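Secondary and tertiary structure notes
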Amino acid sequence: MKEIAPSLLSADLLNLASSIERVRDRIKILHLDIMDGHFVPNLTFGPFFAEAIKEKFPGLRLDVHLMVSRPEEVIPWFLEAGVDWLSFHLEATFHHHRLLMKIKEGGVKAGLALNPSTPLCLLGPSLPYVDFVLLLTVNPGFGGQAFIEEGLGKIARLREMRETGGYSFLIEVDGGIKRENIRRIAEAGADVLVAGSAVFSGDPLRNLLYLKEELK
Ligand code: DX5
Ligand code: ZN
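Here goes a summary of the coordinates provided.

The rules behind each value
Residues numbered from 1 in each chain as written. Chains lettered and ligands numbered in written order. Predicted model: local features only at pLDDT ≥ 70, side-chain atom pairs only at ≥ 80, totals over all residues. Heavy atoms only, no water. Donors = N, O, S within 2.8 Å, 3.2 Å for Na, K, Ca; no water. Tetrahedral: all angles 85-135°; square planar, octahedral: opposite > 155°, others 65-115°. Helix = DSSP H or I, 4+ residues; strand = E, 2+ residues; numbered from the N terminus. Buried < 20%, exposed > 50% of the residue type's maximum accessible area, 1.4 Å probe, protein only. Phe/Tyr/Trp six-rings, centres within 6.5 Å; stacked < 30°, edge-to-face > 60°. Contact = heavy atoms within 4.5 Å. Arc of directions from axis to C-beta.

Another point: the coordination of the zinc ion (ligand 2). Octahedral metal centres with six donors ideally show angles of 90 or 180 degrees, and tetrahedral centres with four donors ideally show 109.5 degrees. Looking at the metal site, the zinc ion (ligand 2) is ligated by His31 (NE2), Asp33 (OD), His65 (ND1) and Asp174 (OD), spaced 2.0 to 2.3 Å from it. Metal-centred angles of 70 to 169° between the six donor atoms at the zinc ion (ligand 2) mark the site as octahedral. For the zinc ion (ligand 2), all donor residues lie on one chain, and their spacing in sequence is H-x1-D-x31-H-x108-D. Pair noted here: His31 is in strand β2 (residues 29–35) and His65 is in strand β3 (residues 61–67), with a separation of 34 residues, a long-range link. In this pair, the class of His31 matches that of His65, namely buried.

The structure is reproduced here in structure tokens:
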């Protein structure tokens, strides 16, 4: 499975519904970035917004990426909102196992996200419990940044860890994915490829189809 998950962060904020409608028939997953102005230097959306998206687009899997300090405080809000996938940053809390279990008990796919400079070895104890790992390949906070090339090796090493350990979690990659590099990132081992500016700058459908073409 190789899926492109458009990230709403780069969509036209005053016309979000029509931007999503443009691509809804060609995607399965929609990525939503939640920023608290503390863990990352930006503010975005909240749980009521996630709920509104799920109500309007129930057929899309809503993949919520929490870039917040103290994720334990907001995870219940997003479970209540009816999201499908929920990830929090490994760097933002000590309670990885507890929070992964809480998300899974809510019937939601649980993910751990890692900043570009966070080593994979810190994931080790959590690997039996994650449904997916979200590898950031830009410093989180903003769309439209350049892909950090060291991410390619990190994706490949995580794929090896999955094989060696006999795990089945998905590898999601987020940041700087464009037409020029999406194939290399997929070949390195990404299963889910988040693309914000590469989809939503210009015509979202045309951009999405170009990206899909690269994955054929
Ligand atoms: C970065 C976010 C990303 C962002 C990616 O903090 O987590 O999801 O939308 O944007 P692009 O694809 O433009 O790098
Ligand atoms: Zn994201």
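Further notes follow.
Tallied over the entire structure, the rule returns three aromatic pairs. Each ring, one from Phe45 and one from Phe49, has its centre 4.4 Å from the other, and the planes form 15°; the classification is stacked. Relative accessible area serves as the criterion here: at 25%, Phe49 is assigned to the partly exposed category. Taking 6.1 Å as the distance between ring centres and 35° as the angle between the ring planes, the aromatic pair formed by Tyr167 and Phe169 counts as tilted. Judged by its relative accessible area of 30%, Tyr167 is partly exposed.

Moving on: the environment of Gly196. You can see Gly196 is positioned in the loop between β8 (192–195) and α7 (197–200). Residue class for Gly196 comes out buried when judged on its relative accessible area of 16%. Spatially, the C-alpha atoms of Gly196 and Ile177 are 8.0 Å apart, while their sequence positions differ by 19 residues. Contact partners of Gly196, with chain neighbours within four places excluded, come to Ser7 and Ser10.

It is worth spelling out the environment of Phe142 at this point. Within the fold, Phe142 resides in the loop between β6 (132–136) and α5 (151–165). Phe142 sits 18 residues away from Gly124 along the chain, and the two C-alpha atoms are 28 Å apart. Those residues in contact with Phe142 that lie beyond four places of it in its chain are Leu9, Met35, Pro41 and Asn42.

To continue, consider helix α1 (residues 16–23). Structurally, the α-helix is built with 3.6 residues per turn, so residues lying three or four positions apart point the same way. Of all the positions in α1, only Leu16, Ser19, Ile20 and Val23 are classed as buried. Along the long axis of α1, the arc covered by the buried residues comes to 95°, so they all point the same way. On the buried face of α1, the contacting elements are β2, α2 (47–56), α7 and α8 (204–215).

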